[in-house]
Amino acid sequence: MKKLSLLAAATLLSACQSTTPSGKASLDGEVFYLQRIALPPSATLSVSLQDVSLADAPAVVLDEQKGPIKGQVPLPFHLSYDPAQVKPGHRYSVSARIEVNGELMFITTENHAVQLDGKDPQPLKIRVDAAR
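Predicted, not measured: the structure shown is a model, and the values here were computed from it.

Asker: Can you tell me about the packing of aromatic side chains, naming the residues and giving the values?
Answerer: If you walk through the whole model with that rule in mind, you get one aromatic pair. Both rings, one in Y33 and one in F106, keep their centres 4.2 Å apart while their planes meet at 10°; by these two values the pair is stacked. With Y33 in the loop between β1 (25–32) and β2 (43–51) and F106 in strand β6 (residues 103–107), this residue pair connects regions lying 73 residues apart in the sequence. Since its relative accessible area comes to 5%, Y33 is described here as buried.

What follows is the structure, given as C-alpha cells:
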C-alpha cells in the first residue's frame, strides 16, 4: 500500500512539472525552412496547436501565435494550452505558415504530431516548405 501511495504521489508531481503556476502547459519551438532566402520585413508568422482528431471537420485550435517576424530563421514560438482541454484518444498537431503582404509564402506540409502529455521533446522543430 505504501508503494502505491508513493507511485501516486510521484505521478502527480511529474504531471505538475509540465504546467505553469497558472495551470497552463506550454510548447516551445522554432519554425525553419531550407531555402537560402531572407524574409522581407513585412513577413508574418502564424503557429497553431490544433486538435486534428476529426477527419471530416475543421481542426479545433487550442492556441495560436500570430505576428510580425523579427529576424530570420529559425523563428521562435511559444504556445500555451489548458491541460484540461486535452482529451484522451484525440490527436494533436502543430502547424505553421509564413505570409508576406497577405500571400502565403511557406506552410507546413507534414504532420507535426504532439502528445501534450508533458513528454514532447522541446524545443519543437517545425519545417515549413515553399507554397509555390
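Anyway, onward from the coordinates.
Asker: I'd like a rundown of the pairing of β1, residues and numbers included.
Answerer: Taking every second residue as pointing to the same face, the buried face of β1 carries A25, L27, G29 and V31, while none of S26, D28, E30 and F32 on the other face is buried. Summarising the sheet, β1 and strand β4 (residues 75–81) pair through seven bridges and their orientation is antiparallel. By the bridge assignment for β4, G29 is matched with F77. Of the pairings in the sheet, the one linking β1 to strand β8 (residues 124–127) comprises four bridges and is parallel in character. Within β8, the residue paired with E30 across the bridge is K125.

Asker: Go over the sheet that holds β4, please, and point to the residues and values.
Answerer: Read across the open sheet, the three strands follow the order β4-β1-β8; overall the sheet is mixed. Strand pairing shows two members of the sheet lacking a second neighbour, β4 and β8, which therefore form its edges. Strand after strand, the sheet turns through a mean of 35° between neighbouring axes, direction not considered.

Asker: A description of the side chain of S48 should follow, citing residues and the corresponding values.
Answerer: With respect to the helices and strands, S48 occurs in strand β2. Taking relative accessible area as the criterion, S48 reaches 5% and is therefore assigned buried. A polar side-chain atom of S48 sits 3.1 Å from a polar atom in the side chain of Q50.

Asker: I'd like to hear about the nonpolar core, residue by residue, with values.
Answerer: Within the largest apolar cluster, 27 residues are counted, with the highest numbers of intra-cluster contacts made by V31, L39, L49, V94 and I98. Counting residues per element, this core draws most heavily on strand β5 (residues 92–100), at five residues. Apart from the residues lying within four places of it in its own chain, the contact partners of I98 are Y33, L39, A43, T44, L45, I69, L75, E103, L104, M105, F106 and V128.

Asker: Now, about the side chain of Q50: what can you tell me, with residues and values included?
Answerer: Looking at the element boundaries, Q50 is found in strand β2. Residues in contact with Q50, not counting those within four places in the same chain, are A59, V60, V61, L62, R91, Y92, S93 and S95.

Asker: How would you summarise unusual backbone geometry if you had to cite specific residues and measurements?
Answerer: Here the residue pair V73 and P74 is connected by a cis peptide bond, since its omega of 0° sits within 30 degrees of zero. Structurally, P74 is set in the loop between β3 (60–68) and β4. With omega at 5°, the peptide bond leading from Q122 into P123 counts as cis. Summarising the element assignment, P123 is placed in the loop between β7 (113–114) and β8. Non-glycine residue L116 carries a positive phi angle of around 60°. Mapped onto the elements, L116 comes out in the loop between β7 and β8. Note on L116: relative accessible area 9%, which makes it buried.

The rules behind the values
- Residues numbered from 1 in each chain as written.
- Predicted model: local features only at pLDDT ≥ 70, side-chain atom pairs only at ≥ 80, totals over all residues.
- Heavy atoms only, no water.
- Phe/Tyr/Trp six-rings, centres within 6.5 Å; stacked < 30°, edge-to-face > 60°.
- Helix = DSSP H or I, 4+ residues; strand = E, 2+ residues; numbered from the N terminus.
- Buried < 20%, exposed > 50% of the residue type's maximum accessible area, 1.4 Å probe, protein only.
- Pairing = 2+ DSSP bridges.
- Axes fitted to C-alpha atoms, helices over the stretch in contact; angles between N-to-C directions.
- Polar contact = N/O pair within 3.5 Å; in protein donor to acceptor, adjacent residues only side chain to side chain.
- Core = buried A, V, L, I, M, F, W, Y, C linked by side-chain atoms within 4.5 Å.
- Contact = heavy atoms within 4.5 Å.

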